[in-house]
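Here's the letter readout for the chains.
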Amino acid sequence: MTRKIKLDQIDDVMREAVGNLVAATTLEWTARVKKATPVDTGRLRAAWQTDIKPLEGTVTNNVVYAEPVCFGVNLPPSWGGSYRTRQQTVAGFPELIGKELEQYAKKEYERIKRGI
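I will try to describe carefully the structure that is included in this document. (Residues numbered from 1 in each chain as written. Predicted model: local features only at pLDDT ≥ 70, side-chain atom pairs only at ≥ 80, totals over all residues. Heavy atoms only, no water.)

**Structural notes on the environment of lysine 53**
1) Next: The topology assignment puts lysine 53 in strand 1 (residues 48–53).
2) Next: The partly exposed category is assigned to lysine 53, whose relative accessible area is 43%.
3) Next: Separated by 30 residues in the primary sequence, lysine 53 and alanine 23 have C-alpha atoms spaced 8.0 Å apart. (Helix = DSSP H or I, 4+ residues; strand = E, 2+ residues; numbered from the N terminus. Buried < 20%, exposed > 50% of the residue type's maximum accessible area, 1.4 Å probe, protein only.)

Here it is, written out as structure tokens:
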């Protein structure tokens, strides 16, 4: 069903719809990355932080070993130069989740445009 809005309201309606999409996508990314994060002590998984502002969502992790575990870079000497986790995690899994959600966000954006 198409929604009737006045021409001068398009900007506000789209800004709100896209803002809601950004928030939903950011929260979904956070949930997926937490689930995919390997657990030893649980500290890495618990350290994911989400910040949502109008039209901007950010997900960060400030644990010092997040980069090697999540992306397979800056590996500690104890890893002997090869990426490994006890759960056989894929290096770069946060980026893979982001790519999946990029497709989700595009589809949702098109759905929003059709509904307005």
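**Some details on the pairing of strand 2 (residues 56–61)**
1) Next: Sheet analysis places strand 1 next to strand 2, joined by 6 bridges and oriented antiparallel. When the sheet's bridge partners are listed, isoleucine 52 is paired in strand 2 with glycine 57.
2) Next: Hairpin remark: strand 1 followed by strand 2, antiparallel, with 2 residues in the connecting loop; positive phi at leucine 55, about 65°. (Pairing = 2+ DSSP bridges.)

**A short note on a negative patch on the surface**
1) Next: Side chains of Asp8, Asp11, Asp12 and Glu16 sit close together on the surface and give a patch of like negative charge.
2) Next: If you trace the backbone, aspartate 11 turns up in helix 1 (residues 10–36).
3) Next: Aspartate 11 gets classed as partly exposed once you look at its relative accessible area, which sits at 48%. (Patch = residues over 30% accessible without salt bridge, like charges linked within 9 Å, V, L, I, M, F, W, Y side chains within 5 Å. Areas by Shrake-Rupley, 256 points an atom, 1.4 Å probe, with all protein chains shown as cover. Salt bridge = Lys/Arg side-chain N within 4 Å of Asp/Glu carboxyl O. Lys, Arg positive; Asp, Glu negative; His and termini not counted. Charge placed at Lys NZ, Arg CZ, Asp CG, Glu CD.)

**What about helix 1?**
The periodicity of an α-helix, 3.6 residues per turn, causes residues three or four positions apart to be oriented the same way.
1) Next: Between its terminal C-alpha atoms helix 1 stretches 38 Å, which fits the 39 Å expected from 27 residues at 1.5 Å a residue.
2) Next: Inspection of helix 1 places Val13, Met14, Ala17, Gly19, Leu21, Val22, Ala23, Thr25, Thr26, Trp29, Thr30 and Val33 among the buried residues, and these make up the whole buried set.
3) Next: Each element contacted by the buried residues of helix 1 is listed here: strand 1, strand 2 and helix 4 (93–115). (Expected span 1.5 Å × (residues − 1). Contact = heavy atoms within 4.5 Å.)

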